[in-house]
Protein chains: 2
Amino acid sequence: MNGAESLVRSLVESGVDVCFANPGTSEMHFVAALDTVPGMRAVLVLQENVATGAADGYARMTGRPASTLLHLGPGLANGLANLHNARRAGSSVVNIVGDHASTHLAFDAPLTSDVAGFARPVSAWVHSSPSARDVGADAARAVRAALEPPGAIATLILPADTAWQEAESAAPRLAAPALAAVGEKTVTEIARAIRTGRKTALLMRGTVLCDDGLEAAGKIAAATGVRLMCDTLTPRMQRGAGRPHVERLPYFSEQVTEVLSEVELIILVGAKPPVSFFGYPDKASWLTPPGCRIATLARAHEDGVGALHALAAALGASAAEPKRVERAQPDYSLRGTLTPDFIMSVVARHLPENAIIADESLTSGLPYYEMTAGAAAHDFLNVTGGAIGCMMAVSVGAAIACPDRKVVTLQGDGSAMYILPSLWTQAREALDVTTVIYANRAYKILNTELARVGAASGGRNAASLLDLTNPTIDWVSLAHGLGVSAVRAETREEFERAFLQAMATKGPHLVEAVL
Amino acid sequence: MNGAESLVRSLVESGVDVCFANPGTSEMHFVAALDTVPGMRAVLVLQENVATGAADGYARMTGRPASTLLHLGPGLANGLANLHNARRAGSSVVNIVGDHASTHLAFDAPLTSDVAGFARPVSAWVHSSPSARDVGADAARAVRAALEPPGAIATLILPADTAWQEAESAAPRLAAPALAAVGEKTVTEIARAIRTGRKTALLMRGTVLCDDGLEAAGKIAAATGVRLMCDTLTPRMQRGAGRPHVERLPYFSEQVTEVLSEVELIILVGAKPPVSFFGYPDKASWLTPPGCRIATLARAHEDGVGALHALAAALGASAAEPKRVERAQPDYSLRGTLTPDFIMSVVARHLPENAIIADESLTSGLPYYEMTAGAAAHDFLNVTGGAIGCMMAVSVGAAIACPDRKVVTLQGDGSAMYILPSLWTQAREALDVTTVIYANRAYKILNTELARVGAASGGRNAASLLDLTNPTIDWVSLAHGLGVSAVRAETREEFERAFLQAMATKGPHLVEAVL
């Protein structure tokens, strides 16, 4: 077996069975190995940010890493923005990045670059295999590194000759690092703090926002009256009808301050203390109210779900029945112009059971987030690192991870332009993803931010740099160009019809909502 | 004046008057300053690789840096691949990258990243301004760093508070670093080596391939019979009717070996010794024939043009008349299927005088390069670093640098998908760029490479990863979606008609050539 086969076998052995690939010459042996080794699904993407975003989405939905296969430094570079988001999500990702053959590197050929240098800012673990015989073991180590709680980016650089030279064997799976347990003393102290009667919020992030963790938090809330909260850009949360309600911290700092104004104790469960997304000339970055105490129940790498159960037990809440969100179907009128709040009403009303919302609607979606609180039970995914051009790719990975669930991507038009090739992979893999493009034809959030930072100039250059008309982007043409069926909705009726049709039909759809 | 105004004024003062921008919140003051300071043309791009590629194209055509305005680490990351190409081109580029306000960085908000870490692999100079009062001087230093011969990438990181805080003034232009002169002794020795009668090739790269340098080389060739050569991926060269002919080294290593087989002396003028683009299991990386001597007339940072003139003088060739390429209009038949060589014949025959060819046609173009040798005089630009998704962006910068010249982008379909948003900027700025998409619907070069590296598997996964059908990309729809007029050509007649029409009409056009 050669190094490439050893790689693929070792990845499969370690439980990695999906590869989002955009290979080049230096990865051709790895590509060939995908055919000689069974068990790895290879998904072609046409730009690397789709590969890394898809791996992020896959990890968020499964807790397991997918691999990416990227071509040298520039290929990795093209995928860095969504690796930034994946890092912020705490997603497990294993990047396989080809490099020139070790014998070729000294010649500084045109594609030679500092691959490890590109990888470091986003990777918890970076390693270059010295020989084909090391590739298998290095792959197993990469997977273990990616599984370091809560999840991490591991980048394995493979010089081309490590692929074609002889390797002995594949490497066995390594034991995954365990979640650190939260000590009894911490739980007891936090239970005591809650019992003092301070106005308390549990601020949650990570797996605690799913399934069992959410149930435990719901019990605590039901028994003690603490508020359940999550941070603004949580990687994944389960919500909707039948689930305990969790308040999401708003985006703008002054709104966060308002929401937290009466809170006297914030208990962190996988979350960090709330801070402003951006710094502003005259606004605070640190958003915990003065006098409010912060206590940490579990850090991101600790067993937050276990800690919540222990806390529930310590508070005598284990048998409490969480208060559950009731199914709410927002009424809406078909009269009037098509607006973001109307769109969210339609999504909330018609979202199928167990769907996945991948949200990058930004200005168009944030104010209307609560409208989907009572929708059918669903998962909700955010742009965790703020690098836009994320969710159309995350939805690729989510749809591959969960083929029986409908994925609805709510996508601003400005950010969609960064990640357009996602649509092609959605079409090729016949993924059940519906993309709603909020075509407001502007970097609208920047118009807001221009004013917020006190920089509003009213001038021509600034206006031009935030404006996406001239020419107007035709999203239906773009989707058709990439093989995805698409409809333009200019009225409420048109949007409702298009969305309902997309919900009723499997496969990729795009709806351009003209705002 | 605030720091943002100081920045823009200082850049303009230093001769930087174009900014390819994709700003975000942290750059809003800089955006506002573009309106209060006259003299800077702001060009909006919808993805950062378009900004960096455009800056590369602008620098290649003017020898001067444009600036980019990018949003934090992820914004820079999205532009790294084309900065890799720009670095390999020796292009001068000044990146302005916003960062969080210095007061905000400690809070590790979602968009916080190692901006300098992202910048380092591609930048010769990286600096983060500590205060608004430093921004002007730092900008002047960045421009000087970018002008370090032959041209370099300078990245200036500006925390948001350096934009909004008070600055005293703009900074004056710094003297640009001079080209190092080549010593008389070097020239004399090389003249003597040529006179020995060894079969000699001048291998050239950089500004020596334009104007005056080319003339001097032509005189030397005419007087001594040395062969004029350039490397495969030279950033810019002037060629076509009336110019001395320069042999381009081919792409594949065995072809290079063949071309150089009889050469006994290679004289490097701005070039490095020829090496293989990739390393292969059983092929050489170092392509200079055994026994062939290598002598260096000028390194990339030295005055190659001056050295060629000095060499011509030393050889008594100053008055020689270069042999010039005659105008050749390839004949072609409209019978038969549409093929890459037909396309190149049409381009060669109908290219207008003084056009610019931006070439990323890869497998479809490389074998037919010589067909354009006798076309009307033109400039020819290559993907210098091999990071694909380059030329549609480079053409944006070239067209802005040379508004009176027709730009023809020869673009493979696989690589076009990386850089699609270029078309939107071409439409918005009404740039005179015609893009020919070679729609062979495959990563065709990789099919070749799969066999060359001995990895051909014949399997389903490998075939699927190199194939761009299912779905077929519709380039006409994509272009229309981005506001560019487009035509699909499936026959020779259709291609000829579409190309002629594009040559006859100003503004952006796209021709999808179905192969």
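Residues numbered from 1 in each chain as written. Chains lettered and ligands numbered in written order. Predicted model: local features only at pLDDT ≥ 70, side-chain atom pairs only at ≥ 80, totals over all residues.

Draft legend 1. Representation of the sheet that holds strand 5 (residues 125-128) of chain B. Residues and elements named next belong to chain B. Overall, parallel pairing links the 6 strands, which are arranged 2-1-3-4-6-5 in an open sheet. Sheet topology places strand 2 (41-44) and strand 5 at the edges, where each strand pairs with a single neighbour. Looking at each pair of strands side by side, their axes are set apart by 20° on average, direction ignored. Relative to strand 2, strand 1 (residues 18-22) runs parallel, the two sharing 4 bridges. Its bridge partner being in strand 2, V18 is matched across the sheet by R41. Each of strand 1, strand 3 (66-71) and strand 4 (93-99) is contacted by helix 3 (residues 48-62), which is oriented at about 170° to strand 3, the strand it contacts most. (Pairing = 2+ DSSP bridges. Helix = DSSP H or I, 4+ residues; strand = E, 2+ residues; numbered from the N terminus. Axes fitted to C-alpha atoms, helices over the stretch in contact; angles between N-to-C directions. Contact = placed C-beta atoms within 7 Å.)

Draft legend 2. Focus on the domain arrangement of chain A. Residue and element names in this part refer to chain A. According to the domain assignment, chain A contains domain 1 (3-164), domain 2 (184-314) and domain 3 (340-514). A C-alpha centroid distance of 29 Å is found between domain 1 and domain 3. Broken down by secondary-structure element, the contributors of at least two residues to the side of domain 1 that touches domain 3 are strand 2 (41-44), helix 3 (48-62) and helix 5 (80-89). With 11 residues, helix 3 is the largest single contributor of residues to the side of domain 1 that touches domain 3. (Domains from an automatic or database assignment.)

Draft legend 3. Quick look at the relation of the copies chain B and chain A. For the pair chain B and chain A, the relating rotation is 180°, the translation along its axis is 0.0 Å, and the fit reaches an RMSD of 0.0 Å. One copy is carried onto the other by what is essentially a two-fold rotation axis. Interface residue correspondence from chain B to chain A reaches 100%, placing this contact among same-surface, isologous pairings. (Least-squares fit on C-alpha atoms with pLDDT ≥ 70 in both.)

Draft legend 4. Local environment of the packing of helix 2 (residues 28-36) of chain A against helix 18 (residues 444-452) of chain B. Close contact between helix 2 of chain A and helix 18 of chain B brings their axes to 9 Å; oriented N to C, the two are set at 85°. Comparing their axes, helix 18 of chain B and helix 2 of chain A come out roughly perpendicular. Contacts between helix 2 of chain A and helix 18 of chain B pair A:M28, A:V31 and A:A32 from the former with B:L446, B:E449 and B:L450 from the latter. Of the residues contributing to the contact of helix 2 of chain A with helix 18 of chain B, the split by class is 5 nonpolar, no polar and 1 charged. (Parallel < 35°, antiparallel > 145°, perpendicular 65-115°, else oblique. Nonpolar A, V, L, I, M, F, W, Y, C, P; charged D, E, K, R; others polar.)

Draft legend 5. Focus on the pairing of strand 1 of chain B. Residue and element names in this part refer to chain B. By the criterion of burial, strand 1 is predominantly enclosed, with 5 of the 5 residues buried. Neither face of strand 1 is left uncovered, since the one carrying V18, F20 and N22 and the one carrying C19 and A21 both have all their residues buried. The handedness of the strand 1 to strand 2 crossover, carried by helix 2 (residues 28-36), is right-handed. Where strand 1 meets strand 3, 4 bridges bridge the pair, whose relative direction is parallel. Bridging across to strand 3, A21 finds its partner in L69. (Buried ≥ 20, exposed ≤ 12 C-beta atoms within 10 Å, placed from the backbone. Right-handed = clockwise from strand over helix to strand, strands pointing away.)

Draft legend 6. Spotlight on the interface of chain B and chain A. At the interface, 85 residues of chain B touch 85 residues of chain A. Broken down by element, the residue count for the side of chain B that touches chain A peaks at 7 residues, all from helix 2 of chain B. Taken together, the residues that form the side of chain B that touches chain A break down as 47 nonpolar, 30 polar and 8 charged.

Draft legend 7. Looking closely at the environment of B:A176. All names here are of chain B. Inspection of the secondary structure puts A176 in the loop between helix 9 (160-164) and helix 10 (184-195). The class of A176 is partly exposed, set by 16 C-beta atoms lying within 10 Å. Distance in space between the C-alpha atoms of A176 and P65 is 12 Å, their sequence separation being 111 residues. Leaving out residues up to four positions away in the same chain, A176 has contacts with R144 and L147.

Draft legend 8. Quick peek at helix 5 (residues 80-89) of chain B. All names here are of chain B. When you tally the buried positions in helix 5, you get 10 out of 10 residues, the bulk of the element. Of all the residues in helix 5, the buried ones are L80, A81, N82, L83, H84, N85, A86, R87, R88 and A89. Among the residues trailing helix 5, G90 stands out with phi positive, at a value near 65°.

Draft legend 9. Summary view of the sheet that holds strand 9 (residues 236-239) of chain B. All names here are of chain B. With respect to topology, 7 strands assemble into an open sheet ordered 9-14-13-15-16-18-17, the strand pairing being mixed. The two strands at the open ends of the sheet, each matched to only one other strand, are strand 9 and strand 17 (485-489). Strand after strand, the sheet turns through a mean of 20° between neighbouring axes, direction not considered. Here 6 bridges tie strand 15 (residues 407-412) to strand 16 (residues 433-439), and the two strands are oriented parallel to one another. The residue of strand 16 that forms the bridge with Q411 is I437.

Draft legend 10. Focus on the nonpolar core. Formed by 384 residues in total, the largest nonpolar core has its most connected members in A:M204, A:V269, B:M204 and B:V269. Those residues in contact with A:V269 that lie beyond four places of it in its chain are A:L202, A:L203, A:M204, A:V208, A:L297, A:A298, A:G304, A:A307 and A:L308. (Core = buried A, V, L, I, M, F, W, Y, C linked by C-beta atoms within 7 Å.)

Draft legend 11. Up close: unusual backbone geometry. A cis amide bond links A:N470 with the next residue in sequence, A:P471, at an omega value of -10°. Within the fold, A:P471 resides in the loop between helix 19 (460-465) and helix 20 (475-481). Between B:P149 and B:P150 the backbone carries a cis peptide bond, its omega angle lying at 0°. A positive phi angle, near 50°, is found at A:L362, a position not held by glycine. Among the secondary structure elements, A:L362 is positioned in the loop between strand 13 (355-360) and strand 14 (378-382). Its identity as a non-glycine residue notwithstanding, A:N470 has a phi of 55°, on the positive side. Residue position: A:N470 is located in the loop between helix 19 and helix 20.

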